[in-house]
Amino acid sequence: MSKNIIVNGKFGDEGFLLGNEAIVRGALESGIDIYTYYPGTPSSEVGETFTDIYKETGMKWVECSINEKVAIEVAGAAYARGATAMVGMKNVGLNVASDPLFALATTRPNNKNSAMVILVADDPQQYSSAVEMDSRNYLKLFKIPALEPSNPQECLDFTKEAFKISRKLKLPVLLRTVTMVSHARSNVIIGEIKQSKIEEDFDLPKEVNVALRIFFLDMKENHIYNRMKEALEMSENSTLNRVENEDAINEFKLGIITSGVSYTYVLEALRFLELNVPLLKIGFINPIPVKKITSFLETYDQVFIIEENDTFLETQILAIAQMNKLKVIIHGKDPFSYSKKNSLLPFVGELNPTLVALALIKITNLKPKVDINEINEKKYNIMERKPIMCAGCPHRTTGYALQKAVKKIKSKTGKNIYFYQDIGCYTLLALPPFSFANVKYCMGSSIALAQGVARTSESLNIAIIGDGTFFHSGIPALLNGIYNKTPILVLILDNGWIGMTGQQPHPGSDTRYYKEGNLKKSIDLEQFLRGTGANVAAIKHYENIDERYTSNLKNLIFEKGVDIAENKNLHVILIKDECIQKIVKRQPIIIRYVDTELCNNCGICYSQFLCPAIDERDNSAFIDSNLCLGCGICEEICPNNAINMEDVL
Amino acid sequence: MTFDNYTIVITGLGGQGLIRLLQILGNALVNQGYKVITSETHGLSQRGGKVTCFLRFGNKLKAPIPMIGSADMIIALEESSIIDVLKYAKIDKTTKLIISTYENHNIGKEYPSLDYLLKILYENSDYIYFIPTMEMAVKHTNNLKTMNIVILGYILRFLPLKHSIIEESIKQNFSGEALEMNLNAFNEAFNL
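Residues numbered from 1 in each chain as written. Chains lettered and ligands numbered in written order. Predicted model: local features only at pLDDT ≥ 70, side-chain atom pairs only at ≥ 80, totals over all residues. Heavy atoms only, no water.

## Some words on the overall build of chain A
Turning to step 1, where the next piece is worked out: Summing up its helical and strand segments, chain A has 23 helices and 24 strands in all.
Turning to step 2, where the next piece is worked out: In summary, chain A has a C-alpha radius of gyration of 28 Å against a globular reference of 26 Å for 649 residues, a match within 12%.
Turning to step 3, where the next piece is worked out: Each principal axis of the C-alpha atoms in chain A carries an extent, and together these give about 75 × 65 × 55 Å.
Turning to step 4, where the next piece is worked out: Within chain A, buried positions represent 60% of all 649 residues.
Turning to step 5, where the next piece is worked out: If you take every contact in chain A between residues at least 6 apart in sequence, the share linking residues at least 24 apart comes to 78%.
Turning to step 6, where the next piece is worked out: Total accessible area computed for chain A in this model is approximately 26,900 Å², and 51% of it derives from carbon and sulfur atoms.
Turning to step 7, where the next piece is worked out: Treating the 71 positive side-chain charges of chain A as one cloud and the 76 negative ones as another, the clouds have centres 5 Å apart. (Helix = DSSP H or I, 4+ residues; strand = E, 2+ residues; numbered from the N terminus. Rg over C-alpha atoms; globule rule 2.2 N^0.38 Å. Buried < 20%, exposed > 50% of the residue type's maximum accessible area, 1.4 Å probe, protein only. Contact = heavy atoms within 4.5 Å. Areas by Shrake-Rupley, 256 points an atom, 1.4 Å probe, with all protein chains shown as cover. Lys, Arg positive; Asp, Glu negative; His and termini not counted. Charge placed at Lys NZ, Arg CZ, Asp CG, Glu CD.)

Structural data, given as structure tokens:
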């Protein structure tokens with residue numbers, strides 16, 4: 001539906017686009033040559049949309065890279081040599097990509113066509129992330145320009161602006177979004193698609209080409225500071241930084257400075273309070289427009305700075321006020337309070353219009369028509385539902401078998417057993433009833449964490465990692481364990497895809513049936529593992545029903561676990577069982593039913609195996625056909641053969 | 001009824017087709033000339049967890065999240081889920097509560113009683129509509145995955161949308177057998 005307008009839409013057409021889709025169109029209107037990415041919510045749809053359309057657009061290349069570091073290097077080299085390039089990732093992805101980005105910022109392409117945008121989608125409220133982090137803090141470190149859109153239309157406009165700035169300054173420009181911008185969908189008026197003016201020559205200035213360490217200080221001076229000075233001029237004159245509602249008069253002589261999605265919350269809160277306040281909206285967030293801010297601060301008695309998460313703007317604005325010896329009262333979170341109690345707005349979690357309105361009420365003592373405090377105070381028996389692995393997830397079976405194997409290993413060896421989790425769907429095995437988690441850090445860390453404890457205790461340590469995460473950054477840690485002969489058990493839960501973010505491909509994916517088709521070569525993970533010389537066992541669950549699979553897997557884990565405990569070997573078990581969400585895209589779902597005559601309500605399927613599609617109704621297991629994805633594992637594990645494909649009712 | 005600014009809160013479970021519902025409805029409103037903004041949550045929340053989305057239309061609405069106490073309509077695709085979003089109901093009790101009678105008991109605690117549910121619903125609204133989505137989906141399509149479209153068919157009576165425009169929007173979202181099934185569910189609920 002959106003694809004048609006993104007590829008074929010004409011100047012002035014209106015679409016109903018996701019922020020992420022608008023970014024794609026903005027890049028096409030900037031003559032993009034190459035897009036590389038590693039999927040991560042809320043940034044993934046940009047890469048998926050590019051993958052879908054790029055052959056119809058004249059772009060040179062789109063790839064789902066192995067990780068963010070490689071993605072930024074591929075796009076960065078293309079930029080350095082003359083391409084219009086873009087790379088996309090989520091908040092924590094920027095941590096992975098940060099190392100090459102330092103060098104990239106000092107690269108000064110000679111080619112006129114060179115431009116590079118780095119999309120980073122933050123996830124306030126941690127809807128889908130291992131941490132909540134405010135990527136804006138990186139801007140001070142990298143010293144690169146950055147823009148922040150507040151809605152889907154701005155996603156398109158700001159993407160184009162980011163390419164323009166980068167093309168002019170020859171610096172990579174960061175485009176920062178958050179979940180409520182990337183995943184907002186709204187009316188978007190589109191512009192005209194541009195073809196790239198890329199040329200064949202590779203003409204990089206000598207000094208960065210050689211990249212000798214000795215030149216770095218010069219490059220830092222010339223390429224970073226001097227160009228950032230130019231960027232500051234651009235920021236001062238940019239319409240992305242603008243005063244709105246300038247003639248508004250309020251009795252408090254109050255003005256507001258805000259940016260990004262917080263701007264929309266401010267508009268909503270002001271409408272609710274029927275309050276007229278002049279706003280300085282900052283879209284060009286690095287470097288911030290110092291003169292514009294100074295003159296705004298000079299105009300009002302009080303200024304309220306409204307931003308989500310960290311005090312990126314506030315800290316700088318406090319400095320501007322001090323440098324100009326301004327008497328204005330600045331309201332905000334107070335960067336030095338570190339406390340919820342003293343702060344007008346929270347440091348942690350997402351903002352929303354209600355929080356902004358409550359803060360404005362505190363400053364102004366206004367009495368709104370609707371008492372929002374009263375609504376907030378109503379307490380109900382809330383039905384919070386924790387995220388769980390999908391109905392039909394093959395690796396719920398892995399968790400189930402592992403739980404049984406661990407009990408047996410414990411009773412045979414008497415060892416304490418600890419689990420190290422990684423980033424992916426299987427992280428959810430950390431929640432009850434499985435509770436397989438002692439430590440979890442970031443992408444690819446489980447295998448090394450297990451080694452640290454194995455080297456300093458007599459316990460048995462089990463790393464649980466998915467195939468996508470293993471390719472992303474688990475490989476070095478495994479090689480480290482093999483070459484140091486550290487006795488750990490590594491379970492690779494291979495579902496064939498980067499599951500959690502929407503089943504994008506990784507180097508081990510079999511893409512034959514999907515849009516990636518035969519474009520990609522699949523790297524055989526089992527062969528790869530055997531090539532390391534490690535003790536590798538592989539087990540595969542085929543699509544047909546196999547009643548012995550769970551106990552085979554349990555026995556395999558038991559056997560290897562005991563060998564590690566007794567003989568200090570390292571073992572890898574590769575558990576191959578494809579993501580159900582991918583299977584249901586290529587074959588019909590065969591929903592299971594419970595034969596209530598045969599079911600004795602033992603509860604194995606709903607309370608031990610914990611399939612979310614099964615619960616207890618009228619003293620029998622009940623399969624919810626709205627949620628069942630037809631994996632058939634319940635049929636395998638039911639001791640009474642009460643679960644079948646046929647509806648017996 | 002004015003449609004200058006209209007806010008709908010939609011809640012339910014991941015996998016129930018909330019985002020699809022949001023897209024069909026939003027797209028139809030755009031085609032009818034409205035300014036629309038919706039917010040979606042993806043990723044973790046897909047996995048059986050609770051999902052809450054917002055759809056807002058009208059010229060004055062810019063934020064993807066509404067104020068509490070400001071929704072014109074709240075839709076729950078799973079009965080108990082309505083409890084979590086009652087803070088968006090207006091204090092003058094004019095918010096329409098559209099509740100699917102479909103229940104999912106996998107919460108890890110006792111499912112709320114109907115008495116409790118009715119008590120707090122009446123505290124919050126004078127316009128409560130229970131829709132037997134499960135029965136309707138089974139009866140007319142023999143498939144529970146159409147429950148979201150049953151809701152869509154029902155709420156159309158409250159919205160300034162032409163039947164033909166929303167039908168067109170459904171056609172852009174489904175094809176083949178699924179399209180026929182969903183159109184069927186939609187029309188049965190529309191005529192309810």
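## Details of the overall build of chain B
Turning to step 1, where the next piece is worked out: When helices and strands are counted, chain B shows 6 helices and 6 strands.
Turning to step 2, where the next piece is worked out: For chain B, the C-alpha radius of gyration of 16 Å lies close to 16 Å, the compact-globule estimate for 192 residues.
Turning to step 3, where the next piece is worked out: When the backbone C-alpha atoms are referred to their principal axes, chain B occupies close to 40 × 40 × 35 Å.
Turning to step 4, where the next piece is worked out: Relative to its 192 residues, chain B shows a buried fraction of 61%.
Turning to step 5, where the next piece is worked out: Summarising the internal contacts of chain B: among those between residues at least 6 apart in sequence, 67% fall at separations of at least 24.
Turning to step 6, where the next piece is worked out: If you sum the accessible surface of chain B, you get close to 7,000 Å²; carbon and sulfur atoms cover 49% of it.
Turning to step 7, where the next piece is worked out: Where the 18 positive side-chain charges of chain B centre and where its 18 negative ones centre are 8 Å apart.

## Focus on the sheet that holds strand β2 (residues 34–37) of chain A
Residue and element names in this part refer to chain A.
Turning to step 1, where the next piece is worked out: Ordered by their spatial adjacency, 7 strands build an open sheet running β3-β2-β4-β5-β7-β6-β12, and the pairing between neighbours is mixed. Bordering the open sheet on either side are β3 (61–64) and β12 (284–286), each of which pairs with just one other strand.
Turning to step 2, where the next piece is worked out: Bridging between β2 and β3 involves 4 bridges; their strand directions are parallel. Each residue of the ladder has a partner; that of tyrosine 35, found in β3, is valine 62.
Turning to step 3, where the next piece is worked out: The sheet strands contacting helix α3 (residues 44–53) are β2, β3 and β5 (115–122), and the helix crosses β2 at an angle near 135°.
Turning to step 4, where the next piece is worked out: Sheet strands in contact with helix α7 (residues 152–169) are β4 (84–90), β5, β6 (146–147), β7 (173–178) and β12, and its direction is about 135° off that of β5. (Pairing = 2+ DSSP bridges. Axes fitted to C-alpha atoms, helices over the stretch in contact; angles between N-to-C directions.)

## Let's talk about the environment of A:Val117
Residues and elements named next belong to chain A.
Turning to step 1, where the next piece is worked out: Summarising the element assignment, valine 117 is placed in strand β5.
Turning to step 2, where the next piece is worked out: For valine 117, a relative accessible area of 0% gives the class buried.
Turning to step 3, where the next piece is worked out: In the structure, valine 117 is positioned 270 residues away from proline 387 in sequence and 34 Å away in space, judged by C-alpha atoms.
Turning to step 4, where the next piece is worked out: Among all residues touching valine 117, those that are not within four sequence positions of it are Ala85, Met86, Val87, Ala162, Phe163, Val173 and Leu175.

## Re a nonpolar patch on the surface
Turning to step 1, where the next piece is worked out: On the surface, A:Ile545, A:Ile590 and A:Met645 cluster together into a nonpolar patch covering about 230 Å² of accessible area.
Turning to step 2, where the next piece is worked out: Structurally, the position occupied by A:Met645 is in the segment after β24 (643–644). (Patch = residues over 30% accessible without salt bridge, like charges linked within 9 Å, V, L, I, M, F, W, Y side chains within 5 Å. Salt bridge = Lys/Arg side-chain N within 4 Å of Asp/Glu carboxyl O.)

## Description of the interface of chain A and chain B
Turning to step 1, where the next piece is worked out: Taken together, the contact between chain A and chain B spans 60 residues of the former and 59 residues of the latter.
Turning to step 2, where the next piece is worked out: For the chain A and chain B pair, buried surface summed over both sides reaches about 5,300 Å², with 58% attributable to carbon and sulfur atoms.
Turning to step 3, where the next piece is worked out: Linking chain A with chain B are 4 salt bridges, by the criterion used here.
Turning to step 4, where the next piece is worked out: Taking the shortest distance from any N to any O, the salt bridge between A:Glu14 and B:Lys35 comes out at 3.8 Å. (Buried area = accessible area lost by both parts, 1.4 Å probe.)

## Thoughts on the pattern of salt bridges
Side chains that carry opposite charge are capable of pairing whenever their charged atoms lie near each other.
Residues and elements named next belong to chain A.
Turning to step 1, where the next piece is worked out: Considering all chains together, one arrives at 31 salt bridges over all chains under this definition.
Turning to step 2, where the next piece is worked out: A salt bridge links glutamate 268 to arginine 271, with the shortest nitrogen-to-oxygen separation between them at 3.6 Å. Linking glutamate 268 with arginine 271, this pair stays in helix α11 (residues 260–273), spanning 3 residues, or about one helical turn.
Turning to step 3, where the next piece is worked out: Exposure remark for glutamate 268: the relative accessible area of 4% places this residue in the buried category.
Turning to step 4, where the next piece is worked out: Taken together, the shared-partner salt bridges in this structure form one network comprising Asp122, Asp134, Arg136, Glu148, Arg176 and Glu307.

## Description of unusual backbone geometry
Residues and elements named next belong to chain A.
Turning to step 1, where the next piece is worked out: With an omega dihedral of -10°, the bond running from asparagine 286 to proline 287 counts as a cis peptide bond.
Turning to step 2, where the next piece is worked out: Going from proline 432 to proline 433, the amide bond is cis rather than trans, its omega being 5°.
Turning to step 3, where the next piece is worked out: Note that proline 433 resides in the loop between β15 (417–421) and β16 (439–440).
Turning to step 4, where the next piece is worked out: Its identity as a non-glycine residue notwithstanding, asparagine 245 has a phi of 60°, on the positive side.
Turning to step 5, where the next piece is worked out: Tracing the sequence through the fold places asparagine 245 in the loop between β9 (241–244) and β10 (254–259).

## Overview of a negative patch on the surface
Residue and element names in this part refer to chain A.
Turning to step 1, where the next piece is worked out: Residues Glu199, Glu200, Asp201 and Asp203 make up a contiguous surface patch of negative charge.
Turning to step 2, where the next piece is worked out: By secondary structure assignment, the location of aspartate 203 is in the loop between β8 (184–189) and α9 (206–210).
Turning to step 3, where the next piece is worked out: Residue classification places aspartate 203 among the partly exposed positions, given a relative accessible area of 37%.

## Here's the deal with the sheet that holds strand β1 (residues 14–18) of chain A
Turning to step 1, where the next piece is worked out: Across the sheet, 8 strands lie side by side as β1(A)-β8(A)-β2(B)-β3(B)-β1(B)-β4(B)-β5(B)-β6(B); this open sheet has mixed pairing. Of all the strands in the sheet, the pair left with one neighbour each is β1 of chain A together with β6 (127–131) of chain B. The mean angle between the axes of side-by-side strands here comes to 15°, regardless of whether they run parallel or antiparallel.
Turning to step 2, where the next piece is worked out: Strand direction decides the pairing type here: β1(A) and β8(A), joined by 5 bridges, are antiparallel. By the bridge assignment for β8(A), A:Phe16 is matched with A:Asn187.
Turning to step 3, where the next piece is worked out: With respect to the sheet, helix α2 (residues 114–124) of chain B is in contact with β5 (96–100) and β6 of chain B, its orientation differing from that of β6(B) by roughly 145°.

## Re the nonpolar core
Turning to step 1, where the next piece is worked out: Ranked by internal contacts, the top residues of the largest apolar core, which has 96 residues, are A:Tyr35, A:Phe50, A:Phe304 and B:Ile82.
Turning to step 2, where the next piece is worked out: Non-local contacts of B:Ile82, meaning those with residues more than four positions away in its chain, are made with B:Thr11, B:Ile74, B:Ala76, B:Leu97, B:Ile99, B:Leu117 and B:Leu121.
Turning to step 3, where the next piece is worked out: Counting residues in hydrophobic clusters, the runner-up holds 84 residues, among them A:Leu489, A:Val536, A:Tyr606 and A:Leu627. (Core = buried A, V, L, I, M, F, W, Y, C linked by side-chain atoms within 4.5 Å.)

## Notes on α3(A)
Residues and elements named next belong to chain A.
Turning to step 1, where the next piece is worked out: Judged by how many residues are buried, α3 sits mostly within the fold: 7 of 10 residues are covered.
Turning to step 2, where the next piece is worked out: Those residues of α3 not exposed but buried are Ser44, Glu45, Val46, Gly47, Thr49, Phe50 and Ile53.
Turning to step 3, where the next piece is worked out: Structurally, α3 contributes buried residues whose contacts are with α1 (2–8), β1, α2 (19–28), β2, β3 and β5.

## Structural notes on the side chain of A:Asn91
Turning to step 1, where the next piece is worked out: Note on placement: A:Asn91 falls in helix α5 (residues 91–106).
Turning to step 2, where the next piece is worked out: Once residues within four sequence positions are removed from consideration, A:Asn91 is found in contact with A:Val120, A:Ala121, A:Asp122, A:Asp123, A:Ser129, A:Val131, A:Met133 and A:Ser135.

## Focus on a positive patch on the surface
Turning to step 1, where the next piece is worked out: On the surface, A:Lys112, A:Lys164, A:Lys194 and A:Lys197 cluster together to form a positively charged patch.
Turning to step 2, where the next piece is worked out: Tracing the backbone through its elements, the reader meets A:Lys194 in the loop between β8 and α9.

## Section: the environment of A:Leu254
All names here are of chain A.
Turning to step 1, where the next piece is worked out: With respect to the helices and strands, the residue leucine 254 is situated in strand β10.
Turning to step 2, where the next piece is worked out: Distance from leucine 254 to glutamate 48, taken between C-alpha atoms, is 44 Å for residues 206 residues apart in sequence.
Turning to step 3, where the next piece is worked out: For leucine 254, the contacting residues outside a window of four places in its chain are Val277, Pro278, Tyr300, Gln302, Val303, Phe304, Leu360 and Thr364.

## Description of the packing of helix α16 (residues 394–413) of chain A against helix α20 (residues 549–567) of chain A
All names here are of chain A.
Turning to step 1, where the next piece is worked out: Running from N to C, α16 and α20 point in directions that differ by 40°, and their axes come no closer than 8 Å. Taken as axis vectors, α16 and α20 run oblique relative to one another. Where α16 crosses over α20, the two elements pack in a sense that is right-handed. Between α16 and α20, the residues in contact are Thr397, Thr398, Tyr400, Ala401, Leu402, Lys404, Ala405, Lys408, Ile409, Lys412 and Thr413 and Tyr549, Thr550, Leu553, Lys554, Asn555, Ile557, Phe558, Gly561, Val562, Ala565 and Glu566, respectively.
Turning to step 2, where the next piece is worked out: Taken together, the residues of the contact of α16 with α20 break down into 11 nonpolar, 6 polar and 5 charged. (Parallel < 35°, antiparallel > 145°, perpendicular 65-115°, else oblique. Left-handed = near helix turned anticlockwise from the far one by under 90°. Nonpolar A, V, L, I, M, F, W, Y, C, P; charged D, E, K, R; others polar.)

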